[in-house]
Amino acid sequence: MNIFSKLTNLTENENTLVGYMHDNPESFVRMSDLEISKSYLISTSTIYRFCKKLNLSGLSELKVQITYFIMVI
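For every chain, the first residue of the written sequence is number 1, and numbering continues from 1 onward in sequence order. Thresholds applied to this predicted model are a pLDDT of at least 70 for local features of residues and 80 or more for the giving and counting of side-chain atom pairs; totals over whole chains, interfaces and linings are not thresholded and use all residues. Only heavy atoms go into the side-chain values, all of them from the structure, while hydrogens and water stay out.

## Overview of the overall build of the protein chain
Short version of the rule: Helix and strand definitions here come from DSSP, where helices need a minimum of 4 consecutive H or I residues and strands a minimum of 2 consecutive E residues; each element is numbered from the N-terminal end. Within these notes, the globule rule equals 2.2 Å times the number of residues to the 0.38 power, and the radius of gyration is based on C-alpha atoms. Note on classification: 1.4 Å probe, protein chains only; a residue is buried when its accessible area is under 20% of the maximum for its type, exposed when over 50%, partly exposed between these limits. Residues are treated as being in contact if the distance between any of their heavy atoms lies within 4.5 Å. With residues, only the protein chains shown are counted as cover, and all accessible areas are computed by Shrake-Rupley using a 1.4 Å probe.
Scanning the protein chain for helices and strands turns up 5 helices and 0 strands. Put simply, the protein chain runs from its N terminus to its C terminus through helices and strands in the order α-α-α-α-α. Taking 11 Å as the expected radius of gyration for a compact globule of 73 residues, we find that the protein chain reaches 11 Å, a close match to that expectation. Counting every position in the protein chain, which comprises 73 residues, the buried fraction comes to 37%. Restricting to contacts in the protein chain with at least 6 residues of sequence separation, those with at least 24 account for 54%. Accessible surface, the protein chain as shown: approximately 4,600 Å² in total, 51% of it carbon and sulfur.

Structure below.
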């Protein structure tokens with residue numbers, strides 16, 4: 001199952017994050033939480049709440065899921 005198929009009831013900031021992940025997955029997996037938050041004007045807390053919403057342990061696990069998504073495409 002693709003990570004993007006699990007997404008429902010997202011906040012505006014989470015939608016911003018998802019849009020970036022979907023459009024730029026290679027860049028996303030290389031960035032730190034601070035780089036992501038500064039680039040897209042969202043808080044690091046938003047990133048980690050988003051991970052929790054997906055039942056992931058954190059940003060590293062999210063990046064693994066995104067890497068898998070890249071490989072499947």
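## Quick look at the packing of aromatic side chains
To be explicit about the condition: For this analysis, a ring pair means two rings from Phe, Tyr or Trp (six-membered ring only for Trp) whose centres lie within 6.5 Å, classed as stacked if their planes differ by under 30 degrees, edge-to-face if by over 60, and tilted for the remaining angles.
Counted under the stated rule, the structure contains 2 aromatic pairs. For the ring pair Y20 and Y40, a centre distance of 4.1 Å and an interplane angle of 40 degrees mean the geometry is tilted. Here the residue Y20 occupies a position in helix α1 (residues 12–23), and Y40 occupies one in helix α3 (residues 33–40), the gap between them amounting to 20 residues. The buried category is assigned to Y20, whose relative accessible area is 7%. Classification of Y40 by relative accessible area gives partly exposed; the value is 30%.

## Re the pattern of salt bridges
What counts here: Each reported salt bridge corresponds to a side-chain nitrogen of Lys or Arg within 4 Å of a carboxyl oxygen of Asp or Glu.
For the structure shown, the criterion picks out 1 salt bridge. Note that K53 and E14 form a salt bridge whose closest N and O atoms lie 2.8 Å from each other. A residue pair is termed long-range when its members are at least 10 positions apart, and K53 in helix α4 (residues 44–53) and E14 in helix α1 qualify at 39 residues. Assessed through its relative accessible area of 4%, E14 is described here as buried.

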